Every structure is written in structure tokens, then in C-alpha cells.
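# Geometric and topological summary
Here's the letter readout for the chains.
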Amino acid sequence: MNEQRFFWLRAVALTAVAVAIGVVGVTRVQDRSAGIRDAARLAALDDELREVTELNRQIEADLVRQLDPVKMIEDAEQRGMVAPDPESTVEVP
């Protein structure tokens with residue numbers, strides 16, 4: 001009877017050790033996977049930030065081109081408007 005009890009005690013102890021090692025292994029794999037997922041999310045966010053930054057630069061460049069006085073005068077002339085002469089004055093009734 002004592003031998004049988006010792007056998008089961010040893011079996012339970014070995015099972016507990018195996019389960020503990022398995023839990024540690026699974027936890028490490030989950031941590032590594034979480035790190036990989038986080039890295040993938042960060043890479044996607046970085047790509048999105050680069051796209052938004054490039055779009056902002058393009059919008060800023062377009063705005064600067066539109067606000068250029070020479071460009072504004074050329075655009076107005078293309079649309080049939082005449083730029084006022086700096087020497088002339090206009091009287092408003």
C-alpha cells in the first residue's frame with residue numbers, strides 16, 4: 001500500500017512539474033507573439049504616419065504655390081481677370 005501511495009505521489013509531482021514547465025513555455029510564446037503583434041501595429045502606424053506626413057507636405061506645397069503673388073496674377077489672367085495697376089486708384093462711391 002505504501003509503494004502504491006509513493007507511486008501516485010511521484011506521478012502527481014512529475015505531472016505538476018510538467019504542467020509548470022508547459023505554463024512557462026506557453027507564457028513565453030504568448031509574450032513573444034504579443035511583441036510581434038505590437039511591432040506589426042507600430043509598423044502599420046508608422047506607415048500611416050508617413051502617408052499623412054507626405055499628404056500634408058503636398059497640401060502645404062500646393063498652398064504655397066497658390067499664395068505666390070506671381071502665380072495668383074497668372075491664374076487671374078488665365079481666367080480673364082485683370083490685375084489692378086499699382087499706380088491706379090479706385091474711388092468707391
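In this report, the structure presented in the accompanying data block is examined. (Residues numbered from 1 in each chain as written. Predicted model: local features only at pLDDT ≥ 70, side-chain atom pairs only at ≥ 80, totals over all residues. Heavy atoms only, no water.)

### Examining the overall build of the protein
The secondary structure content of the protein amounts to two helices and zero strands. For a compact globule of 93 residues, the expected C-alpha radius of gyration is about 12 Å, and the protein comes in at 37 Å, more than 25% above that figure. In terms of overall dimensions, the protein has a C-alpha envelope of 120 × 25 × 20 Å along the principal axes. Out of the 93 residues in the protein, the part that is buried amounts to 1%. With the model as given, the accessible surface of the protein reaches about 9,000 Å², and the carbon-plus-sulfur share is 62%. If you average the places of the 11 positive and of the 17 negative side-chain charges in the protein, the two averages end up 25 Å apart. (Helix = DSSP H or I, 4+ residues; strand = E, 2+ residues; numbered from the N terminus. Rg over C-alpha atoms; globule rule 2.2 N^0.38 Å. Buried < 20%, exposed > 50% of the residue type's maximum accessible area, 1.4 Å probe, protein only. Areas by Shrake-Rupley, 256 points an atom, 1.4 Å probe, with all protein chains shown as cover. Lys, Arg positive; Asp, Glu negative; His and termini not counted. Charge placed at Lys NZ, Arg CZ, Asp CG, Glu CD.)

### Description of the environment of Thr15
Among the structural elements, Thr15 can be located in helix H1 (residues 2–67). Residue Thr15 is classed as partly exposed on the basis of its relative accessible area of 47%. Engagement of the side chain of Thr15 in a polar contact is seen with the backbone oxygen of Ala11, the distance being 2.7 Å. (Polar contact = N/O pair within 3.5 Å; in protein donor to acceptor, adjacent residues only side chain to side chain.)

### Considering the pattern of salt bridges
As enumerated under the stated definition, the model contains two salt bridges in all. Arg41 is the partner of Asp38 in a salt bridge, and the nearest nitrogen-oxygen pair spans 3.0 Å. Remark: Arg41 and Asp38 occur in helix H1; sequence separation between them is three residues, near one turn of the helix. Classification of Asp38 as partly exposed rests on a relative accessible area of 38%. Its salt-bridge partner being Arg50, residue Asp46 comes within 3.0 Å of it at the nearest N-O pair. Taken together, the residues span about one helical turn, with Asp46 and Arg50 both in helix H1 at a distance of four residues. Relative accessible area serves as the criterion here: at 34%, Asp46 is assigned to the partly exposed category. (Salt bridge = Lys/Arg side-chain N within 4 Å of Asp/Glu carboxyl O.)

### So, the packing of aromatic side chains
Evaluated as defined, the whole model comprises one aromatic pair. Arranged with centres 5.3 Å apart and planes meeting at 70°, the rings of Phe7 and Trp8 form a pair that is edge-to-face. Judged by its relative accessible area of 45%, Phe7 is partly exposed. Of the residues examined, Trp8 reaches a relative accessible area of 51% and is grouped as exposed. (Phe/Tyr/Trp six-rings, centres within 6.5 Å; stacked < 30°, edge-to-face > 60°.)

### Observations regarding the environment of Val26
Examined against the element boundaries, Val26 turns out to sit in helix H1. Sequence-wise, Val26 and Arg79 are 53 residues apart; in three dimensions their C-alpha atoms are separated by 70 Å.

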